[in-house]
Amino acid sequence: MSRTSAALQPPADAVQPVRHPDAPAPGELLGAHYGACFGCGDDQPHGLHLQARAGEGVSLTAEFTVQPAHQGAPGLAHGGVLTSALDESLGSLNWLLRTIAVTGRLETDFERPVPVGTTLYLAAEVTAVAGRKIYSTATGRVGGPEGPVAVRADALFIEVKVDHFVDHGRQEEIQAAMSDPDQVRRARAFEVNP
(Lines give C-alpha, C1' and ligand atoms only; values in the text may rest on other atoms or scores of the structure.)
Protein backbone atom coordinates (compact mmCIF):
# COMPACT_ATOMS: atom_id res chain seq x y z
CA MET A 1 0.00 0.00 0.00
CA SER A 2 1.42 3.34 -1.02
CA ARG A 3 1.83 5.96 1.68
CA THR A 4 2.46 8.94 -0.59
CA SER A 5 3.24 12.07 1.38
CA ALA A 6 1.27 15.28 1.09
CA ALA A 7 4.22 16.85 -0.78
CA LEU A 8 3.46 14.55 -3.72
CA GLN A 9 -0.25 15.35 -3.89
CA PRO A 10 -1.00 17.87 -6.67
CA PRO A 11 -2.63 21.10 -5.45
CA ALA A 12 -6.26 21.83 -6.27
CA ASP A 13 -5.27 24.22 -9.08
CA ALA A 14 -3.06 21.67 -10.87
CA VAL A 15 -3.90 20.96 -14.52
CA GLN A 16 -3.83 17.86 -16.66
CA PRO A 17 -0.50 17.39 -18.48
CA VAL A 18 -0.39 18.21 -22.19
CA ARG A 19 1.83 16.20 -24.49
CA HIS A 20 4.06 18.47 -26.58
CA PRO A 21 3.13 18.40 -30.30
CA ASP A 22 6.75 17.52 -31.18
CA ALA A 23 6.98 14.69 -28.63
CA PRO A 24 7.94 11.25 -29.95
CA ALA A 25 4.95 9.29 -31.28
CA PRO A 26 3.40 6.51 -29.16
CA GLY A 27 5.50 3.37 -29.49
CA GLU A 28 8.64 5.29 -30.47
CA LEU A 29 11.84 4.44 -28.60
CA LEU A 30 13.03 7.50 -26.67
CA GLY A 31 16.68 6.52 -26.62
CA ALA A 32 19.33 7.63 -24.16
CA HIS A 33 19.25 11.29 -23.21
CA TYR A 34 23.00 11.20 -22.45
CA GLY A 35 25.52 8.43 -23.13
CA ALA A 36 27.08 8.62 -19.66
CA CYS A 37 23.72 8.50 -17.80
CA PHE A 38 23.61 5.62 -15.31
CA GLY A 39 19.93 5.02 -16.08
CA CYS A 40 19.79 5.03 -19.88
CA GLY A 41 23.28 5.65 -21.23
CA ASP A 42 25.03 3.17 -23.49
CA ASP A 43 28.47 4.26 -22.21
CA GLN A 44 27.87 2.92 -18.68
CA PRO A 45 29.09 -0.70 -18.44
CA HIS A 46 27.15 -1.34 -15.21
CA GLY A 47 24.30 1.10 -15.90
CA LEU A 48 20.66 0.15 -16.22
CA HIS A 49 20.52 0.57 -20.02
CA LEU A 50 16.84 1.32 -19.58
CA GLN A 51 14.87 1.34 -22.82
CA ALA A 52 11.80 3.63 -22.75
CA ARG A 53 9.03 3.93 -25.33
CA ALA A 54 6.54 6.77 -25.61
CA GLY A 55 2.98 5.85 -24.69
CA GLU A 56 -0.34 7.59 -25.16
CA GLY A 57 -0.78 11.02 -23.58
CA VAL A 58 2.11 11.75 -21.26
CA SER A 59 3.05 8.16 -20.46
CA LEU A 60 5.73 5.66 -21.31
CA THR A 61 6.77 2.08 -20.83
CA ALA A 62 10.29 0.84 -20.22
CA GLU A 63 12.21 -2.32 -19.48
CA PHE A 64 15.25 -3.00 -17.35
CA THR A 65 16.89 -6.36 -16.71
CA VAL A 66 18.59 -6.75 -13.32
CA GLN A 67 22.25 -7.73 -13.83
CA PRO A 68 24.62 -9.27 -11.23
CA ALA A 69 26.24 -5.82 -10.76
CA HIS A 70 22.85 -4.49 -9.61
CA GLN A 71 22.37 -6.77 -6.62
CA GLY A 72 22.17 -5.83 -2.97
CA ALA A 73 21.36 -8.99 -1.03
CA PRO A 74 22.70 -12.13 -2.73
CA GLY A 75 20.71 -12.75 -5.89
CA LEU A 76 18.34 -9.79 -5.43
CA ALA A 77 18.23 -6.31 -6.95
CA HIS A 78 19.49 -3.50 -4.71
CA GLY A 79 16.64 -1.21 -3.64
CA GLY A 80 18.60 1.85 -4.74
CA VAL A 81 19.00 0.41 -8.23
CA LEU A 82 15.26 -0.26 -8.45
CA THR A 83 14.63 3.31 -7.31
CA SER A 84 17.04 4.51 -10.01
CA ALA A 85 15.05 2.59 -12.64
CA LEU A 86 11.84 4.24 -11.46
CA ASP A 87 13.50 7.68 -11.36
CA GLU A 88 14.87 7.23 -14.88
CA SER A 89 11.43 6.26 -16.18
CA LEU A 90 9.74 9.16 -14.42
CA GLY A 91 12.38 11.62 -15.60
CA SER A 92 12.04 10.42 -19.19
CA LEU A 93 8.41 11.57 -19.15
CA ASN A 94 9.66 15.13 -19.34
CA TRP A 95 10.80 14.48 -22.91
CA LEU A 96 7.11 14.08 -23.80
CA LEU A 97 6.43 17.52 -22.29
CA ARG A 98 9.63 18.93 -23.85
CA THR A 99 10.49 20.34 -20.44
CA ILE A 100 13.87 20.35 -18.71
CA ALA A 101 13.20 19.14 -15.17
CA VAL A 102 14.96 17.61 -12.19
CA THR A 103 13.78 15.25 -9.50
CA GLY A 104 12.53 17.26 -6.53
CA ARG A 105 11.10 14.37 -4.50
CA LEU A 106 10.76 10.66 -5.09
CA GLU A 107 9.00 8.15 -2.84
CA THR A 108 9.37 4.45 -3.52
CA ASP A 109 7.38 1.52 -2.18
CA PHE A 110 8.87 -1.97 -2.42
CA GLU A 111 6.17 -4.62 -2.80
CA ARG A 112 8.21 -7.77 -3.56
CA PRO A 113 11.84 -8.83 -4.15
CA VAL A 114 13.25 -8.64 -7.68
CA PRO A 115 15.78 -11.41 -8.40
CA VAL A 116 18.89 -10.95 -10.55
CA GLY A 117 18.04 -11.86 -14.15
CA THR A 118 14.49 -10.53 -13.83
CA THR A 119 13.18 -8.02 -16.35
CA LEU A 120 11.33 -5.18 -14.66
CA TYR A 121 8.47 -3.81 -16.78
CA LEU A 122 7.98 -0.14 -15.98
CA ALA A 123 5.01 2.10 -16.73
CA ALA A 124 5.08 5.81 -15.90
CA GLU A 125 2.79 8.77 -16.44
CA VAL A 126 2.54 12.44 -15.59
CA THR A 127 -0.61 12.97 -13.54
CA ALA A 128 -0.66 16.75 -13.07
CA VAL A 129 1.24 20.01 -13.63
CA ALA A 130 1.17 23.04 -11.35
CA GLY A 131 3.43 25.87 -12.51
CA ARG A 132 6.99 24.49 -12.53
CA LYS A 133 5.92 21.35 -10.62
CA ILE A 134 5.33 18.11 -12.51
CA TYR A 135 3.64 15.24 -10.64
CA SER A 136 4.10 11.70 -11.87
CA THR A 137 3.76 8.05 -10.89
CA ALA A 138 5.34 4.76 -11.97
CA THR A 139 5.13 1.04 -11.34
CA GLY A 140 7.60 -1.76 -11.95
CA ARG A 141 6.15 -5.22 -12.58
CA VAL A 142 7.74 -8.65 -12.81
CA GLY A 143 6.73 -11.51 -15.09
CA GLY A 144 5.42 -9.21 -17.84
CA PRO A 145 3.74 -5.83 -18.31
CA GLU A 146 0.61 -7.10 -16.52
CA GLY A 147 2.50 -9.07 -13.86
CA PRO A 148 2.51 -8.35 -10.14
CA VAL A 149 3.78 -4.97 -8.96
CA ALA A 150 7.24 -5.22 -7.40
CA VAL A 151 7.97 -1.50 -6.93
CA ARG A 152 6.08 1.75 -7.32
CA ALA A 153 6.97 5.40 -6.99
CA ASP A 154 5.42 8.83 -6.92
CA ALA A 155 7.53 11.82 -7.86
CA LEU A 156 7.66 15.56 -8.07
CA PHE A 157 9.86 17.05 -10.79
CA ILE A 158 10.75 20.73 -10.94
CA GLU A 159 11.17 22.55 -14.25
CA VAL A 160 14.58 24.24 -14.53
CA LYS A 161 16.58 26.14 -17.12
CA VAL A 162 19.72 24.66 -18.70
CA ASP A 163 21.73 27.03 -16.47
CA HIS A 164 21.01 24.63 -13.60
CA PHE A 165 23.35 22.08 -15.21
CA VAL A 166 25.91 24.62 -16.36
CA ASP A 167 26.14 26.09 -12.85
CA HIS A 168 26.27 22.78 -10.97
CA GLY A 169 27.73 20.18 -13.34
CA ARG A 170 31.38 19.26 -13.76
CA GLN A 171 32.80 21.62 -16.37
CA GLU A 172 34.46 18.91 -18.50
CA GLU A 173 31.22 16.99 -19.08
CA ILE A 174 29.16 20.17 -19.55
CA GLN A 175 31.55 21.44 -22.22
CA ALA A 176 31.60 18.07 -24.02
CA ALA A 177 27.79 17.89 -24.07
CA MET A 178 27.41 21.50 -25.22
CA SER A 179 29.97 20.97 -28.00
CA ASP A 180 28.06 18.04 -29.52
CA PRO A 181 27.24 19.00 -33.14
CA ASP A 182 23.97 17.03 -32.97
CA GLN A 183 21.47 19.66 -31.77
CA VAL A 184 18.89 17.15 -30.52
CA ARG A 185 21.47 15.10 -28.62
CA ARG A 186 22.91 18.32 -27.17
CA ALA A 187 19.46 19.41 -25.92
CA ARG A 188 18.59 15.95 -24.57
CA ALA A 189 21.84 15.74 -22.55
CA PHE A 190 20.35 18.30 -20.17
CA GLU A 191 16.86 16.84 -20.16
CA VAL A 192 16.84 14.99 -16.83
CA ASN A 193 19.32 15.16 -13.97
CA PRO A 194 19.24 15.95 -10.27
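See the structure printed just above.
Residues numbered from 1 in each chain as written. Predicted model: local features only at pLDDT ≥ 70, side-chain atom pairs only at ≥ 80, totals over all residues. Heavy atoms only, no water.

Undergrad: Help me out: how do you make sense of the environment of His20 in this one?
TA: In this fold, His20 is placed in the segment before strand E1 (51-54). With relative accessibility at 26%, the residue His20 sits in the partly exposed group. Only 2.9 Å separates the side chain of His20 from the backbone nitrogen of Asp22, close enough to count as a polar contact. (Helix = DSSP H or I, 4+ residues; strand = E, 2+ residues; numbered from the N terminus. Buried < 20%, exposed > 50% of the residue type's maximum accessible area, 1.4 Å probe, protein only. Polar contact = N/O pair within 3.5 Å; in protein donor to acceptor, adjacent residues only side chain to side chain.)

Undergrad: Teacher, can you tell me more about the nonpolar core here?
TA: Nonpolar side chains in soluble globular proteins tend to end up buried together. Of all hydrophobic cores here, the largest spans 36 residues; its most connected members are Phe64, Leu90, Val114, Leu120 and Leu122. Sorting the residues of this core by element identifies E1, strand E2 (59-65), helix H1 (79-92), helix H2 (94-97), strand E4 (119-130), strand E5 (133-142) and strand E6 (149-159) as the ones contributing at least two each. Residues in contact with Leu120, not counting those within four places in the same chain, are Ala62, Glu63, Phe64, Leu82, Val114, Gly140, Arg141, Val142, Ala150 and Val151. (Core = buried A, V, L, I, M, F, W, Y, C linked by side-chain atoms within 4.5 Å. Contact = heavy atoms within 4.5 Å.)

Undergrad: Which parts of the structure should I look at to understand the packing of aromatic side chains?
TA: Ring pairs (aromatic) are described by centroid distance and by the angle formed between their planes. Going through the model one piece at a time under the given rule, you end up with zero aromatic pairs. Directly above the ring of Trp95 sits Arg98, whose terminal nitrogen or CZ lies 4.3 Å from the centroid. (Phe/Tyr/Trp six-rings, centres within 6.5 Å; stacked < 30°, edge-to-face > 60°. Lys NZ or Arg CZ within 6 Å of the ring centre and 35° of its normal.)

Undergrad: Can you help me understand the pairing of E5 in this one?
TA: For a regular strand, side chains alternate in direction, first toward one face of the sheet and then toward the other. For E5, a buried count of seven out of 10 residues is recorded, marking the element as mostly surrounded by other parts of the structure. For E4 and E5, the ladder comprises 10 bridges, and the chain directions are antiparallel. Residue pairing for E5: Ala124 is matched across the bridge by Ala138. The antiparallel pairing of E4 with E5 creates a hairpin that spans two residues between the two strands, and Gly131 there sits at a positive phi of about 65°. Connecting E5 to the next strand, E6, in antiparallel fashion are six residues, including Gly143 with a positive phi near 80°. (Pairing = 2+ DSSP bridges.)

Undergrad: Looking at this structure, I do not really get H1. What am I missing?
TA: In an α-helix, one turn spans 3.6 residues, which is why side chains three or four residues apart end up on the same side. Between its first and last C-alpha, H1 extends 20 Å over 14 residues, near the 20 Å set by a 1.5 Å rise per residue. Taken residue by residue, H1 has Val81, Leu82, Ala85, Leu86, Glu88, Ser89, Leu90, Gly91 and Ser92 as its buried positions. Buried residues along H1 sit against E2, H2, strand E3 (101-110), E4, E5 and E6. (Expected span 1.5 Å × (residues − 1).)

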